[in-house]
Amino acid sequence: MQYFFLFFGLVVAVIFNSIRKPQVTLNMVIIKGITSLCFIFTALFSFVGNPDCPDYLGALTVTGACFGLIGDIVLDLKYLYKADADKYLNTGFISFLIGHLFYSAGLIYTYGFNVYVFGFTALCVVCGVFFALGAEKVLKLNYGKFKLITVLYTTVLNSAFGMAVAYAVAKPCAHTIVFAVGIFLFFVSDGILSRTYFSINEKDRNSRLAVVLNHSTYFAAQFLIAISLILI
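Here's what I pulled together on the structure shown here.

Cut-off values and rules
- Residues numbered from 1 in each chain as written.
- Predicted model: local features only at pLDDT ≥ 70, side-chain atom pairs only at ≥ 80, totals over all residues.
- Heavy atoms only, no water.
- Helix = DSSP H or I, 4+ residues; strand = E, 2+ residues; numbered from the N terminus.
- Rg over C-alpha atoms; globule rule 2.2 N^0.38 Å.
- Expected span 1.5 Å × (residues − 1).
- Buried < 20%, exposed > 50% of the residue type's maximum accessible area, 1.4 Å probe, protein only.
- Contact = heavy atoms within 4.5 Å.
- Disulfide = S-S within 2.5 Å.

## Digging into the overall build of the protein chain
Summing up its helical and strand segments, the protein chain has 9 helices and 0 strands in all. Counting from the amino terminus, the protein chain carries its helices and strands in the arrangement α-α-α-α-α-α-α-α-α. On C-alpha atoms alone, the protein chain measures out to a radius of gyration of 17 Å, which is about the 17 Å that the 2.2 N^0.38 rule sets for 232 residues. Counting only C-alpha atoms and orienting by the principal axes, one finds that the protein chain spans roughly 50 × 40 × 25 Å.

Dropping the structure here:
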């Protein structure tokens, strides 16, 4: 069943990208939600279909995917209900932040936590935070009132990225490598998203190409993380 939801989800993702425009409609939100449900079911059936997958890893990864669904819906609702856009944006950031914490916890419970992993993770966090703050000027972004949540989210995302890469190097296997690729694509997706959310250039914020690239890398990331549970 996990391969059915993987294939079906990717098909829906292609449909979503074909209709997604900077001006969001309710139909777009619904199709995006369906795609997100598919990566949740991909993770769930990968978990229950693999007797070698530890219960805590499966449960934590599926839970992280569920927070991804919440973030997906909430972030797009800010376009439909503009009066509450700030609340939806903050809630979306927090949902994805929590999702990354669950993903990271799954790795720690499964593979342990040592000095090497801690050191590389800390390095990624420090570099990521400095990059996020520096990028505001270099890439001509304006975080405005969302600077705090942006820095907090960047810290957690870089922590998850650092852990994933460290485990892929220290304990290479199909699961850790595929998971690391997924987190890397998450990183790329959020980098693109920062342009569509915070660029001072209106053309960048309304770029159709950026929207498609953002969602393509994002859905690829979530489906890779989900299917990695069958590979452990």
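Now that the structure has been shown, the text picks up again.
## Quick look at helix H6 (residues 147-170)
The terminal C-alpha atoms of H6 lie 34 Å apart, and with 24 residues this matches the ideal 34 Å at 1.5 Å per residue to within 8%. Among the 24 residues of H6, 17 are classified as buried, and the element is accordingly described as predominantly covered.

## Let's talk about the side chain of Thr154
Mapping Thr154 onto the fold places it in helix H6. Given the relative accessible area of 13%, Thr154 is considered buried. For Thr154, the residues in contact, after removing those within four places along its chain, are Gly128, Val129 and Ala132.

## Structural notes on the environment of Val165
With respect to the helices and strands, Val165 occurs in helix H6. For the pair Val165 and Thr35, spaced 130 residues apart in sequence, the C-alpha separation works out to 26 Å. Contacts of Val165, omitting those with residues within four sequence positions, involve Phe120 and Ala180.

## Regarding the state of the cysteines
Applying the stated rule across the entire model yields 0 disulfides. With no disulfide of its own, Cys53 lies closest to Cys173 among cysteine sulfurs, the gap being 11 Å. Here Cys53 falls in the buried class, since its relative accessible area comes to 5%. This cysteine, Cys127, is not joined by any disulfide, and Cys124 carries the nearest cysteine sulfur, 6.8 Å off. The exposure class of Cys127 is partly exposed, given its relative accessible area of 44%.

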